[in-house]
Amino acid sequence: MVDTVSFLPVSNFDGSNPSEPLQSRRIPMKVQLLIFFGLLAVGLFAALLTSNNGSDFVTESEHGSLVSLNTAKPELLQPVSRGPAAGVSEKSNRLFAKDGENMVAFPWNNSMLSWQRTAFHFQPERNWMNDPNGPLFYKGWYHFFYQYNPHAAVWGDIVWGHAVSKDLIHWLHLPLAMVADRTYDKNGVWTGSATILPDGKIVMLYTGSDADAVQVQNLAYPTDHSDPLLINWVKFSGNPVLVPPPGILSKDFRDPTTAWWTSEGKWRLTIGSKINKTGIAFVYETKDFITYEKLDGVLHAVDGTGMWECVDFFPVSKTKENGLDTSINNPDVKHVLKVSLDDDKNDYYAIGTYHEKNAAFIPDDPENDVGIGLRYDYGVYYAAKTFYDQNKNRRVLWGWIKESDSEAADVQKGWASVQSIPRTILLDQKTGTHLLQWPVEEIESLRLNSYDFNQVTVQAGSVVPLDVGPATQLDIIAEFKIDKEALDKATGSDLTFSCSSSGGAVKRGALGPFGLLALAEDSLSEQTPVYFYIAKGSDGNLKTFFCNDQTRSSEASDVNKQIFGSVVPVLEGENLSLRVLVDHSIIESFAQGGRTVITSRVYPTKAIYGAAKLFLFNNATEAGVNASLRIWQMSSAFIRPYPNIDNQPQ
Amino acid sequence: MNKFICFSLHYLIFSFTFSPVNSRENRASLIGTTCKTTPFYNLCVSALQSDPHSSSTDIPGLAQIGANKVKAKATATLKQITNLLEQSKDQSLKKALLDCVDYYDAIVEYDFPTAIDAVVKGDPKFGVQGLNDAANEALACERRFEKQPKFPIEGDNKVVHDLSAVASSIVALLL
């Protein structure tokens, strides 16, 4: 028997009486007063508690960053890191030269500085550049947009630069595509991506830092779709189309991706953010790019990774060696989620499966989830973005390569940053766990004369000069075979090796280091080793590492001197293979067909112009190495303004 | 329903009246917890507290105050350097001072504006980089005087370096 007499009338919330009159829900006066004073008491109590607690700002004060400037108390002035690698102690990140060396800050002269400009990497004529934006192919032209400061060689006043090319290599500068002329992007026209609609039209979504410095998403499109150069862009009058959702801080919402088409006939895209120190990516659905519905939950989240910038999300084929349109999703496909971590300035990716039904990404290997596992590039490489190139049926990757010298030098030379050579990106079908990156084949059009070196023996502890003429613009393909007997005989040990803490190419092991000395001076006073190091475990297993050593790259002390690198998977039967692009102050190096990639910025003071040389080296103690190389001199790409175009405020 | 709205309003009004007041004590502890994350706690506290707005602002506000302190100190030190240049007759000393002028110009004209911009607009990593550079400019200036018998601006230069490191740490909290 249910007792239907109660002090409070019971409201029916089971929906069975939708027409229940409101009057039956009125609560008697006494009770209302009781509730009111009860709430008041709770309010007072809460006020008392919180007024003694000064830590409301938990989110901001959590210092989970991998950067640690909080080193031991300095006795003298201590150098401050410009970009510490994860997990490396402060000592080895010293911006300035090691103790004992002459530590006078370097007086750069114009000859040294002007040598640093690259011959075939994309860079504007002057000033600062950062993230790649909205890359696409349209009506016969590759388009590239980028974050640009028209006023200085440091970040600030950001607008969209623009350039076009027929082949991703020979670029022609165009007028600025978008400037900060609306309230919704007054404080910065930031990163964005393009989506090409089925009818061929282009929509561009980008982040604006609005007049109140809130990060919002805006829609723009070409003013004239019949203009193959897409010079003029118009912003949607109803901008912004997206603002930070509830619970998200106004400065944690940026970098919308290219959209993909679902089987339900809607577009989806993702935007990175964070909640406390958990990096997340939201998914939005839209039909017209004007109104959006935020899907519940997130595409993916990883604790402790901090803000996810420049999220990228795309399919890769499991069986074919071509790229896939962003909307493809079928059992023959894996998906890649990539993020740029604000906290450590590196780009990370994870391969996994995309479940369209609940818009979720599940990584294949949660131990190496995005942000804590594999990186696109173990050197200087950030804010990368891919696009599907429908012209050649490939997916192409752009990455921002900033400077590793001092800001003062950047200001003196009048520019800062380059882009990497665009890379094709594919799933490495042999390992299934890695992506392969490789410079686009069009770069081969810059090759001039070549030099062959066949089966050169490099004894343990020796250096072999490679006479290729000037060694500042090179494309190098090399294969290394290490003495098998030495591999078998070497005693294994438990000592863990890592490029960054190894002490560099000067530290000899039984089976390494060996490789190339790039941008090296005859006396080797300046040299940048690009090399392999084979470590043998006590169980007999071999692990191969691929490193770039900047410790002796320059006699100047105000440049980055870190050692970059990572383990590189080498499969049974594979020789060690290497491709290196040397282009003045940038070296891009690819091991095992692009399974592990390292980009470095190098600023020699002596190994410049005709004095820059190339060497083979083998600093192992027990193993000889056999190297075969083909080396091309590289022509300039003559990147310059598009002829006869008005209004080029670059 | 009306009565409920009415009482809710009353509740809200009351709760605002009694909500945690921005007490001196409350804000002073924000400066304290913030400065604990920096490499020079005492300098940080005194620098922040010397600005009247520091007692009623949030971490981005403290970051801006920190960056402004760097600019002020760097500007003052730059003035000192140019004065010394005018007075000095020692060629080698002048050369070192001239280099420091370059480093300090970089701090005032580039590092500082970039840092403020980055904090205000919400892309703090560029602020961290700018302030790290400012610290390194000061370090570069110190290195220039290693072979000199005297380093006339030693104390001020150290303050610029330390303040930059402090401000950089605060901005890093915004990452």
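Residues numbered from 1 in each chain as written. Chains lettered and ligands numbered in written order. Predicted model: local features only at pLDDT ≥ 70, side-chain atom pairs only at ≥ 80, totals over all residues. Heavy atoms only, no water.

Here we look at the overall build of chain B
Put simply, the rule reads: Strands here mean DSSP runs of E at least two residues long; helices mean DSSP runs of H or I at least four residues long; both are numbered from the N terminus. Any pair of residues with heavy atoms lying within 4.5 Å of one another is described as a contacting pair.
Scanning chain B from terminus to terminus reveals seven helices and zero strands. The secondary structure elements of chain B, listed N-terminal to C-terminal, are α-α-α-α-α-α-α. Taking the contacts inside chain B whose residues are at least 6 apart along the sequence as the reference set, 69% of them involve residues at least 24 apart.

Regarding the pairing of strand S2 (residues 141-149) of chain A
Residues and elements named next belong to chain A. Heads up, the rule is: Throughout, exposure labels follow a simple rule: accessible area from a 1.4 Å probe, protein chains only, divided by the maximum for the residue type, with under 20% read as buried, over 50% as exposed, and the rest as partly exposed. Two strands are said to pair when DSSP picks up at least two bridges between them.
Among the nine residues that make up S2, nine are buried, leaving the element largely enclosed by the rest of the structure. What you see with S2 is no split at all: Trp141, His143, Phe145, Gln147 and Asn149 on one side and Tyr142, Phe144, Tyr146 and Tyr148 on the other are buried throughout. Examined bridge by bridge, strand S1 (residues 127-138) and S2 share seven bridges and lie antiparallel to one another. What sits directly across from Leu136, in S2, is His143. Taking the residues between adjacent antiparallel strands as the criterion, S1 and S2 are bridged by two residues, where Lys139 takes a positive phi near 45°.

Some words on the sheet that holds strand S27 (residues 511-520) of chain A
Residue and element names in this part refer to chain A. Operational definition: Where helices are involved, their axes are fitted lines through C-alpha atoms of the stretch in contact, as for all axes, and angles between N-to-C directions lie from 0 to 180°.
Judged by pairing direction, the sheet is antiparallel, and its six strands sit side by side in the order S25-S34-S27-S28-S29-S30 without closing on themselves. A single partner strand is all that each edge strand has here, and the edge strands are strand S25 (462-466) and strand S30 (563-567). Here the strands of the sheet are splayed against their neighbours by 15° on average, with no regard to which way each runs. Where S25 and strand S34 (residues 613-618) come together, five bridges link them in antiparallel fashion.

Digging into the pattern of salt bridges
Selection rule: By salt bridge we mean one thing: a side-chain nitrogen of Lys or Arg within 4 Å of a carboxyl oxygen of Asp or Glu.
In the structure shown here, the tally under the stated rule is 41 salt bridges over all chains. One salt bridge connects Asp410(A) with Lys413(A), and the closest N-O pair in it is separated by 3.6 Å. One end of the pair is Asp410(A) and the other is Lys413(A), both in helix H4 (residues 407-413) and three residues apart, which spans about a single turn. Given the relative accessible area of 3%, Asp410(A) is considered buried. With its nearest N and O atoms 2.4 Å apart, the salt bridge here joins Asp99(B) to Arg144(B).

A few points about the packing of aromatic side chains
All names here are of chain A. In plain terms, the rule: Aromatic rings from Phe, Tyr and Trp, with only the six-membered ring used for Trp, were paired whenever their centres fell within 6.5 Å, and each pair was classed as stacked if the ring planes differed by under 30 degrees, edge-to-face if by over 60, and tilted otherwise. The criterion for a charge sitting over a ring is simple: Lys NZ or Arg CZ within 6 Å of the ring centre, and within 35 degrees of the ring normal.
Applying the stated criterion across every chain yields a total of 40 aromatic pairs over all chains. Judged by centre distance (5.6 Å) and plane angle (45°), the ring pair of Trp267 and Phe289 falls under tilted. You can see Trp267 sitting in strand S10 (residues 267-275) and its partner Phe289 sitting in the loop between strand S11 (278-286) and strand S12 (292-294), a full 22 residues away along the chain. Across this residue pair, the class does not change: Trp267 and Phe289 are buried. Ring pairs connect the aromatic residues Phe122, Phe144, Tyr146, Tyr148, Trp171 and Trp398, which therefore count as one cluster. Just above the ring of Trp415 sits the side chain of Arg117; from NZ or CZ to the centre is 5.4 Å. Lying across the ring of Trp141, Lys166 places its NZ or CZ 4.5 Å from the centre.

Looking at the environment of Asp162(B)
Residues and elements named next belong to chain B. What counts here: Pairs of N or O atoms within 3.5 Å make up the polar contacts considered here, provided that, within protein, one atom can donate a hydrogen while the other can accept it, and that residues adjacent in sequence are counted only when both atoms are side-chain atoms.
Here Asp162 is to be found in helix H7 (residues 154-172). Taking relative accessible area as the criterion, Asp162 reaches 7% and is therefore assigned buried. In the structure, Asp162 is positioned 119 residues away from Leu43 in sequence and 7.9 Å away in space, judged by C-alpha atoms. A distance of 2.8 Å separates a polar atom in the side chain of Asp162 from a polar atom in the side chain of His161.

Remarks on the side chain of Asp347(A)
All names here are of chain A. With respect to the helices, strands and loops of the structure, Asp347 is situated in strand S16 (residues 346-355). Polar side-chain contacts of Asp347 include one of 3.2 Å to the backbone nitrogen of Ala383. Setting aside chain neighbours within four positions, we find Asp347 in contact with Lys338, Val339, Ser340, Leu374, Arg375, Tyr376, Tyr381, Tyr382, Ala383 and Ala384.

Structural notes on the side chain of Gln550(A)
Residues and elements named next belong to chain A. One can find Gln550 in the loop between strand S29 (542-549) and S30. For Gln550, a relative accessible area of 0% corresponds to the buried category. Residue contacts for Gln550: discarding those within four places in its chain leaves Asn560, Lys561, Gln562, Phe564, Ser600 and Arg601.

Section: the state of the cysteines
Residue and element names in this part refer to chain B. Rule in force here: The definition used for a disulfide is geometric: two cysteine sulfur atoms within 2.5 Å.
One pass over the full model with this rule turns up three disulfides over all chains. At a sulfur-sulfur separation of 2.0 Å, the disulfide partner of Cys35 is Cys44. Here the S-S torsion is close to -70°, and the disulfide linking Cys35 with Cys44 is therefore left-handed. Regarding the disulfides, chain B carries the connectivity 1-2, 3-4 under sequence-order numbering of its bonded cysteines.

A few points about the packing of helix H5 (residues 91-121) of chain B against helix H6 (residues 124-144) of chain B
All names here are of chain B. Basically, it comes down to this: Should an angle fall under 35 degrees it is called roughly parallel, over 145 degrees roughly antiparallel, and 65 to 115 degrees roughly perpendicular, with every other angle called oblique. Throughout, the ten residues Ala, Val, Leu, Ile, Met, Phe, Trp, Tyr, Cys and Pro are labelled nonpolar, Asp, Glu, Lys and Arg are labelled charged, and all others, Gly among them, are labelled polar.
Axis separation between H5 and H6 bottoms out at 8 Å; the angle between their running directions is 170°. As the angle between them shows, H5 and H6 are arranged roughly antiparallel. The residues of H6 that touch H5, namely those facing Lys95, Ala96, Asp99, Cys100, Tyr103, Tyr104, Ala106, Ile107, Asp111, Thr114, Ala115 and Ala118, are Pro124, Phe126, Gly127, Gly130, Leu131, Asp133, Ala134, Glu137, Ala138, Ala140, Cys141 and Arg144. A per-class count over the contact of H5 with H6 returns 15 nonpolar, three polar and six charged.

Quick word on the nonpolar core
Note the following rule: Residue types Ala, Val, Leu, Ile, Met, Phe, Trp, Tyr and Cys, when buried and joined through side-chain atoms within 4.5 Å, form a set referred to as a nonpolar core.
Core analysis: the largest hydrophobic core is formed by 69 residues, its most contacted members being Phe480(A) and Leu629(A). In this structure, Ala47(B), Leu62(B), Ile107(B) and Ala172(B) belong to the second largest nonpolar core, which totals 48 residues.

Some words on the packing of H6(B) against H7(B)
Residues and elements named next belong to chain B. Where we set the bar: For any pair of crossing helices, the crossing counts as left-handed if the nearer helix is rotated counterclockwise from the farther one by less than a right angle, and right-handed if it is rotated clockwise.
Two elements in contact, H6 and H7, have axes separated by 8 Å at closest approach and are oriented at 165°. Between H6 and H7, the angle is such that the two are roughly antiparallel. The handedness of the crossing between H6 and H7 is left-handed. Each of Pro124, Gly127, Val128, Leu131, Asn132, Ala134, Ala135, Ala138, Leu139, Cys141 and Glu142 in H6 lies in contact with H7, whose residues at this interface are Asn157, Val160, His161, Ser164, Ala165, Ala167, Ser168, Val171 and Ala172. Residue composition of the contact of H6 with H7, grouped by class: 13 nonpolar, six polar and one charged.

Topic: unusual backbone geometry
Residues and elements named next belong to chain A. The peptide bond linking Asn239 to Pro240 adopts the cis configuration, its omega dihedral lying at 0°. Structurally, the position occupied by Pro240 is in the loop between strand S8 (233-235) and strand S9 (260-261). For the bond from Gly512 to Pro513, the omega torsion is 5°, close enough to zero to count as cis. Here Pro513 lies in strand S27. Here Asn276, not a glycine, exhibits a phi torsion of approximately 55°, which is positive. Mapped onto the elements, Asn276 comes out in the loop between S10 and S11.

Focus on H5(B)
Residues and elements named next belong to chain B. To be explicit about the condition: In this analysis, the expected span of each helix is defined as 1.5 Å times one less than the number of residues it contains. Two axes are fitted around each residue, one to the seven residues ending there and one to the seven starting there, and the angle between them is reported as the bend at that residue.
Across its 31 residues, H5 extends 44 Å between first and last C-alpha, which sits within 8% of the 45 Å expected from 1.5 Å per residue. When the local axis directions of H5 are compared, the greatest deviation, roughly 35°, occurs at Ile107. Here H5 starts with a cap whose side-chain oxygen sits 3.0 Å from the backbone nitrogen of Ser92, and that cap is Asp90. Following H5 by one or two positions, Gly122 adopts a phi angle in the positive range, close to 90°.

Here's the deal with the pairing of strand S28 (residues 528-536) of chain A
Strand residues, when the strand is regular, have side chains that alternate between the two faces of the sheet. Residues and elements named next belong to chain A. For S28, the buried fraction is high: nine of the nine residues fall into the buried class. With burial as the criterion, each face of S28 is covered, one bearing Thr528, Val530, Phe532, Ile534 and Lys536 and the other bearing Pro529, Tyr531, Tyr533 and Ala535. In this structure, S27 lies alongside S28, joined through six bridges in antiparallel fashion. Looking at the pairing, Leu511 lines up with Ile534 of S28. Where S28 and S29 come together, seven bridges link them in antiparallel fashion. Along S29, the bridge assignment pairs Ala535 with Lys543. Hairpin remark: S28 followed by S29, antiparallel, with five residues in the connecting loop; positive phi at Gly540, about 90°.

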